[in-house]
Amino acid sequence: MILPVHDRIRTHLTRLLAELYALDGRAMPTVALEYPPNRTLGDLGTPVAFELARRLKKAPRAIAQEIAGAFGALEGIARVAPAPNGYLNFFLERRAFLIDRLAPAPPAPRTAARKAIVEHTAINPNKAAHIGHLRNSALGDTLVRVLRFRGIPVEVQNYIDDTGVQVADVVVGFRVLERRTVDGIRQLADSTRFDYYCWDLYARVTEWYDEDKTRLSHRAETLHDIEHGGNDAAAIGAFIADRIVRCHLRTMARMNVDYDLLTWEGDILRLKFWAQAFDVLKASGAVYLKTEGPLAGCWVMPIQEDEGSNPKSQSPKPNAQSPKPEGEREPVTDIDEEDAGEREKVIVRSNGVVTYVGKDIAYQFWKLGLLGRDFQYRIFEERPHGPLWATCSTGGEATHPSFGGAAWVYNVIDVRQSYLQKLLKQALVAAGHPEGAERSHHFSYEMVALSHATARELGFAPPPDSEEAKRPFVSVSGRKGLGVKADDLLDTLMRNAAREVAARNPEFSEAERDRIAQMIGVAAVRYFLIKFSTNKMIVFDLGEALSFEGESGPYVQYAVVRANNIFQKLQRRDGLDERGLLATLGEVPAGELAGEYGSHEIWELVLEAARLDEVVEQVIPSLEFSVLAKHAFSLAQAFNAFYHRSPILNEERDDVRRWRAAAVMYVRNQLTRALDLMGISVPPRM
RNA sequence: GCGCCCGUAGCUCAGUUGGAUAGAGCGCCGGACUUCGAAUCCGUAGGCCGCAGGUUCGAGUCCUGCCGGGCGCGCCA
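Figured I'd write up the structure that's included with this text.

What counts, and at which threshold
- Residues numbered from 1 in each chain as written.
- Chains lettered and ligands numbered in written order.
- Predicted model: local features only at pLDDT ≥ 70, side-chain atom pairs only at ≥ 80, totals over all residues.
- Heavy atoms only, no water.
- Core = buried A, V, L, I, M, F, W, Y, C linked by side-chain atoms within 4.5 Å.
- Buried < 20%, exposed > 50% of the residue type's maximum accessible area, 1.4 Å probe, protein only.
- Helix = DSSP H or I, 4+ residues; strand = E, 2+ residues; numbered from the N terminus.
- Axes fitted to C-alpha atoms, helices over the stretch in contact; angles between N-to-C directions.
- Parallel < 35°, antiparallel > 145°, perpendicular 65-115°, else oblique.
- Left-handed = near helix turned anticlockwise from the far one by under 90°.
- Contact = heavy atoms within 4.5 Å.
- Pairing = 2+ DSSP bridges.

Digging into the nonpolar core
In terms of nonpolar packing, the biggest core is built from 152 residues, with Phe-90, Leu-489 and Phe-540 touching the most fellow members. Looking at this core element by element, the count peaks at 12 residues for helix α27 (residues 654-677). Within the second largest apolar cluster, 40 residues are counted, among which are Ala-277, Leu-281, Val-357 and Ile-361.

Here it is, written out as structure tokens:
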């Protein structure tokens, strides 16, 4: 890991600059650390002299020379070199650096970090999951892993909208279109792929509505029944939601995605979370009753378009202190009710029913520990590593872990919900919790569409002369049943992987082959869903996603498998294991590592591998995991090139062999960690 | 109409605190398996970074305008 070295240089340099140029805190430039384009220039470099040039009225080059001259000794730094163009470059103590990083890691220091809640997945529990949902969970789960890597405690929640329109529509499908009873549906669920069945039924219901709009009265009626409970529709709705959620959990488990708590919307209603939040919002003036105009009788929240309404976001740090007390914050901007052009969002309808935004506000308050109420909790299912909990409104377990009340909240929801998520933050500010707003993140990402080729392959080709046909992609639509089901994709992926594995390892048993194929399939999807910027739409193409070559998850896995093979052979052939290797590194001549034999390639590998912590640090505030994916890929790429060029087992010079093996060991360790952050495991062979 | 996002190689994309020579993958073409596994590697070709201004020692990156595309803006969720 490289960050401790950054910190050491930065601290040293800051003190040095203060002495050298009598700079006080305000005048002190930030010491940015970068990587020179090649190792002959240095291992780390800073453009700090450029920043000082104007203030000191001196050429950057002269400043860099002065700093280098006064630098003195610093642990881990072999040499400081001012570059002719003004950069200040550093050379590291290579041997110590690598030995340090190979030593067994000390137990992670206890951090005072407060809990973060990550909510992701949140699929309507009325049909099978599709490829778009996988993007959500892949991003959400990676966020969870990355935060935990940094020592931040994380609670993972999956929100279940069991009382919404989508469940109601499937209830209508079963009751009205198919005339089934609860028992009939249960039988069906026990004997079919229930989530697939509902996928089709849901599409049929949508069509049925489209044929005759008056049929929508069935939806309204069902929605009402579900919300009030104690009737057939509610029982069917509850059954469907429960069964479909279990299907979703199985699908997600295939992707190595897991949760701590399922929060059910029905419980938010039954426990009257909204009533509580409503009181707070009314008291603070965040919402008010319209007495005239088209919205008369509605409780509304004014929508602010100015900058002040969108507080800057903060990201958690393991050692961050508690937020400033609210008293030190700027006062909430006054809401100008007289402003004629102002827009208003209805929170409570004139018929007294709260909107989706209202429920979400209450839920967000609870997540931040600002509501003053809690759920009851039941065990949803037992798992090897402990129970999966779910909320409930009556008869909960007497003892349960503590949920909610987090310092940081991440809501992983697609970009179309940006507007609502912004309202959520505004509500927090208006209710007097600006710091809660700053610590609430909408983790937004773009949609997944289908390529025309893939749509055609699946039988969704749009009519030749339609608008859709002219577009560069085909939109998925759960309502129309148009899309790639997650399990179908995973099945295809794993089938293809199994074929590849079998071709290369004919001696494998079927079970072994399938176990490995599964790991490879997961690597392929998860990497594919992570490697694009979140604000870029993914035009999903089966062929591309199925590819195990080039920039892909399996490519990175393959590099690690190769590295592991080297160690297995080293041990078998030469009796040299990792511990034995480590023990000798202090004595072995380090010419190969130092680049004295003409190539710096193993040092390049080590330095690049060490950057994982820096990459993670960068990835948390930006929420751009493509950076992490790219890092892993380029490290794997560098390793593969090295592997090809530089033999280890057959290298005759013992010192060279040992340093190469040590570098491979470190790269392997770091790549394994990077893959784990993406939810990808390493197969024993592939 | 208003708001947000995108425009970089033939295609798909990196380039996220403004820094040293704009990079990958795929595709094309040409090479490398009696050698730690070729799901690999090496090489060739391919760029008015949408356009025009501005800020800066320095702009693909920041600002303004324009052009092209996507998505939002409901007493739906």
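Concerning unusual backbone geometry
One non-glycine residue, Lys-57, lies in positive phi territory at about 55°. Of note, Lys-57 is situated in the loop between α2 (48-56) and α3 (60-70). The exposure class assigned to Lys-57 is exposed, which follows from its relative accessible area of 73%. Phi at Ala-122 takes a positive value of approximately 40°, unusual for a residue other than glycine. Note that Ala-122 resides in the loop between β4 (116-119) and α5 (131-149). Given the relative accessible area of 31%, Ala-122 is considered partly exposed.

Quick word on the packing of helix α18 (residues 486-504) against helix α19 (residues 510-530)
The contact between α18 and α19 brings their axes to 8 Å, and the two run at 125°. With respect to their mutual orientation, α18 and α19 come out oblique. Classified by chirality, the crossing of α19 by α18 is right-handed. Contacts between α18 and α19 involve Leu-489, Leu-490, Leu-493, Met-494, Ala-497, Ala-498, Val-501 and Ala-502 from the first element and Arg-513, Asp-514, Ile-516, Ala-517, Gln-518, Ile-520, Gly-521, Val-522, Ala-524 and Val-525 from the second.

A closer look at the packing of helix α6 (residues 165-177) against helix α9 (residues 216-228)
With their axes 9 Å apart at the nearest point, α6 and α9 run at an angle of 110° to one another. Looking at the two axes, α6 sits roughly perpendicular to α9. Of the two possible hands of crossing, α6 and α9 adopt the one that is right-handed. Counting all contacts with α6, which are made through Val-165, Ala-168, Asp-169, Val-171, Val-172 and Val-176, the residues of α9 involved are His-218, Arg-219, Thr-222, Leu-223 and Ile-226.

Side note on the environment of Leu-593
Mapping Leu-593 onto the fold places it in helix α23 (residues 591-594). Each C-alpha atom, one on Leu-593 and one on Leu-23, is 39 Å from the other, the two residues being 570 residues apart in sequence. Ignoring sequence-local partners within four residues, the contact set of Leu-593 consists of Arg-94, Arg-95, Leu-98, Ile-602, Trp-603 and Trp-659.

What about the sheet that holds strand β8 (residues 299-303)?
Read from one edge to the other, the open sheet built from three strands follows the order β7-β8-β9, with strand pairing classed as antiparallel. Two strands close off the open sheet at either side, each with one partner strand: β7 (288-289) and β9 (343-348). Alignment of β8 against β9, held across five bridges, turns out to be antiparallel. Across the sheet, Met-301 pairs through a bridge with Lys-345, a residue of β9.

A short note on the pairing of strand β6 (residues 261-264)
Regular strands place side chains that alternate from one sheet face to the opposite one. By the alternation rule, side chains of β6 split into Leu-261 and Thr-263 and Leu-262 and Trp-264, which are all buried. Bridge count between strand β5 (residues 154-160) and β6: four bridges; the pairing is parallel. Residue pairing in the sheet places Ile-160 in a bridge with Trp-264 of β6. By the bridge criterion, two bridges tie β6 to strand β11 (residues 388-392) in an arrangement that is parallel. Paired with Leu-262 across the bridge in β11 is Ala-390.

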